[in-house]
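# Residue-level structural notes
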Amino acid sequence: MKKSNFIIGLLITLSSTVFAQNTFTLSSNDLGGEATIHEEFNGFGCTGENQSPQLSWKNAPAGTKSFAVTMYDPDAPTGSGWWHWVVFDIPVNTKELVSGAGNTKLNLAPEGVIQSITDYGANGYGGPCPPEGHGLHQYIITVYASKTDKLGLNESTNPAVVGYYLWNNTIAKASIITYYQRSKK
């Protein structure tokens, strides 16, 4: 009996490991459980470095023709959350955005990538900057595998419209969540 339980347990472990390795996955070398001053926005009372994190993904599903990345704060006290980063038309052969790629002036994003406006009213990455004393905010960073190579939008398209087009063209998506808060001074 012990031998059969061991074999069953071993088979379950091996099969879950094999299947888990084939899922569409997003990761970051820069982010842990909480964002830092490196990612924090510089403005709106925040004094961070406003550096977008390194992101990489693997195991995109068959049929993927491009990628998109968003960063969203559902805890923002706006009634509709806050869009911090909206990037799309990322070429299918791209598997990473390097640290700082969200700064449109540095040209670190792959050629042809569009970084649309955020809720800060600017293009590119706008880091966490929750109101002081508002508690922990979650920042959901998502990579989308798209069935089209171009969404047909431009850098002035607002996040809601980009989201609509992504919803209509997404094959799969993967997310990571990081948290950030500012204490009252």
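Throughout, residues of each chain are indexed from 1 in the direction in which the sequence is written. Only residues with pLDDT of 70 or above have their local features reported here, since the model is predicted, and side-chain atom pairs are shown and tallied only from 80 upward, although totals for entire chains, interfaces and linings are computed over all residues. Side-chain metrics rest on all non-hydrogen atoms present in the structure, leaving aside hydrogens and water.

### Here we look at the environment of A60
- By the secondary structure assignment, A60 is in the loop between β4 (55-58) and β5 (66-73).
- Only protein chains enter the accessibility calculation, which uses a 1.4 Å probe. A residue is then buried if its area is under 20% of the maximum for its type, exposed if over 50%, and partly exposed in between. Overall, the relative accessible area of 32% leaves A60 in the partly exposed class. The numbering of helices and of strands both runs from the N terminus, where a helix is a DSSP run of H or I of at least 4 residues and a strand a run of E of at least 2.

### Side note on the sheet that holds strand β9 (residues 137-146)
- Following DSSP output, two strands are said to pair if at least two bridges run between them. Pairing in this open sheet of 5 strands is antiparallel, and the strands run β8-β6-β5-β9-β10 from one edge to the other. The open sheet is flanked by β8 (114-115) and β10 (170-180), the only strands paired with a single partner.
- Contact criterion: two residues are considered in contact whenever any of their non-hydrogen atoms come within 4.5 Å of each other. Under this scheme, a helix contributes an axis fitted over its contacting stretch, all axes are lines through C-alpha atoms, and angles between N-to-C directions fall in the 0 to 180 degree range. Against the sheet, helix α2 (residues 159-169) touches β5, β6 (82-91), β9 and β10, its axis set at about 135 degrees to β10.

### Observations concerning the sheet that holds β4
- Taken in spatial order, the 3 strands line up as β1-β4-β7 in an open sheet, and their pairing is antiparallel. One side of each edge strand has no neighbouring strand; the edge strands of this open sheet are β1 (25-27) and β7 (96-97).

### Focus: the nonpolar core
- Side-chain atoms within 4.5 Å link the members of a nonpolar core, which is a set of buried Ala, Val, Leu, Ile, Met, Phe, Trp, Tyr and Cys residues. Core analysis: the largest hydrophobic core is formed by 22 residues, its most contacted members being W57, V69, W85, I90 and V143.
- For this core, the secondary-structure elements that each account for two or more residues are β4, β5, β6, β9 and β10.
- Residues within four places of V143 in sequence aside, it is in contact with F24, L26, W57, F67, A68, V69, A172, K173 and A174.
- Formed by 9 residues, the second largest nonpolar core is a distinct cluster that contains F88, I114, V162 and L166.

These figures come from the coordinates and say nothing about function on their own.
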